[in-house]
Amino acid sequence: QVQLAESGGGLVQAGGSLRLSCAASGRTLSGYLMGWFRQAPGKEREFVAGIRWIAGTTHYADSVKGRFTISRDNVKNTVYLQMNSLKPEDTAVYYCAADLRTGWATTANQYDYWGQGTQVTVSS
């Protein structure tokens with residue numbers, strides 16, 4: 001079992017930055033694919049970014065490419081999402097997810113473990 005806990009959300013003005021953290025516990029994340037998703041009111045949960053734990057290779061949704069950066073700290077067992085140049089349309093609850101798999105996964109139902117989410121609100 002993997003437990004995930006997000007933090008770092010908040011209210012920020014358009015153009016600002018936030019860094020989200022996802023602390024993992026329960027087992028080593030070697031072999032896991034880690035993902036960040038977001039869900040705005042009335043919308044489906046959508047993929048934002050992913051990182052393979054061992055290789056560190058990354059994958060981004062087109063809507064955040066060039067603005068968001070996903071990274072991980074092997075010692076702290078933590079995944080980060082650095083969000084720059086934030087826009088009002090980035091407002092959502094952001095979730096961290098994990099799945100033991102090879103390859104990439106960009107749909108929510110492909111991930112087994114989820115955090116509780118953290119709210120990000122970007123004002124115009």
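Residues numbered from 1 in each chain as written. Predicted model: local features only at pLDDT ≥ 70, side-chain atom pairs only at ≥ 80, totals over all residues. Heavy atoms only, no water.

### Side note on the overall build of the protein chain
Helix and strand content of the protein chain: 0 helices and 11 strands. Relative to a compact globule of 124 residues, whose C-alpha radius of gyration would be 14 Å, the protein chain shows 13 Å and is just as compact. Each principal axis of the C-alpha atoms in the protein chain carries an extent, and together these give about 40 × 30 × 25 Å. Among the 124 residues that make up the protein chain, the fraction classed as buried is 44%. Restricting to contacts in the protein chain with at least 6 residues of sequence separation, those with at least 24 account for 59%. Surface summary for the protein chain: the accessible area is close to 6100 Å², and the carbon and sulfur share equals 47%. For the protein chain, the separation between the mean place of its 12 positive charges and that of its 9 negative charges on side chains is 5 Å. (Helix = DSSP H or I, 4+ residues; strand = E, 2+ residues; numbered from the N terminus. Rg over C-alpha atoms; globule rule 2.2 N^0.38 Å. Buried < 20%, exposed > 50% of the residue type's maximum accessible area, 1.4 Å probe, protein only. Contact = heavy atoms within 4.5 Å. Areas by Shrake-Rupley, 256 points an atom, 1.4 Å probe, with all protein chains shown as cover. Lys, Arg positive; Asp, Glu negative; His and termini not counted. Charge placed at Lys NZ, Arg CZ, Asp CG, Glu CD.)

### Some details on the packing of aromatic side chains
A complete count under the given rule lists 6 aromatic pairs for this structure. Judged by centre distance (6.4 Å) and plane angle (50 degrees), the rings of Y32 and Y113 are tilted. Highlighted residues: Y32 in strand β4 (residues 32-39) and Y113 in strand β10 (residues 113-114), separated in sequence by 81 residues. According to the relative accessible area criterion, Y32 is buried, its value standing at 3%. Ring geometry for Y95 against W114: centres 6.3 Å apart, planes inclined by 80 degrees, an arrangement best described as edge-to-face. Remark: W114 occurs in strand β10 and Y95 occurs in strand β9 (residues 92-100); sequence separation between them is 19 residues. The class for Y95 is buried, based on a relative accessible area of 14%. The structure contains a cluster of three or more aromatic residues connected by ring pairs, namely F37, F47, Y95, Y111 and W114. One cation-aromatic arrangement involves R45 over Y95; the distance from NZ or CZ to the ring centre is 3.7 Å. (Phe/Tyr/Trp six-rings, centres within 6.5 Å; stacked < 30°, edge-to-face > 60°. Lys NZ or Arg CZ within 6 Å of the ring centre and 35° of its normal.)

### Quick notes on the state of the cysteines
One pass over the full model with this rule turns up 1 disulfide. Each disulfide pairs two cysteine sulfurs, and for C22 the partner residue is C96, the sulfurs being separated by 2.1 Å. Measuring handedness by torsion sign, the sulfur bridge of C22 and C96 sits at about -75 degrees and is left-handed. You can see C22 sitting in strand β3 (residues 18-25) and its partner C96 sitting in strand β9, a full 74 residues away along the chain. (Disulfide = S-S within 2.5 Å.)

### A look at the side chain of S21
By the secondary structure assignment, S21 is in strand β3. Note on S21: relative accessible area 16%, which makes it buried. With near-sequence residues (within four places) excluded, S21 lies in contact with A5, E6, S7, W36, T78, V79 and Y80.

### Notes on the sheet that holds β3
One open sheet accounts for 4 strands, arranged β1-β3-β8-β7; its pairing is antiparallel. Unpaired on one side and paired on the other, β1 (3-7) and β7 (68-73) mark the two borders of the sheet. On average, each strand axis in the sheet is tilted by 15 degrees relative to the strand beside it, whichever way the strands run. The pairing of β3 with strand β8 (residues 78-83) spans 6 bridges and is antiparallel. Across the sheet, L18 pairs through a bridge with M83, a residue of β8. (Pairing = 2+ DSSP bridges. Axes fitted to C-alpha atoms, helices over the stretch in contact; angles between N-to-C directions.)

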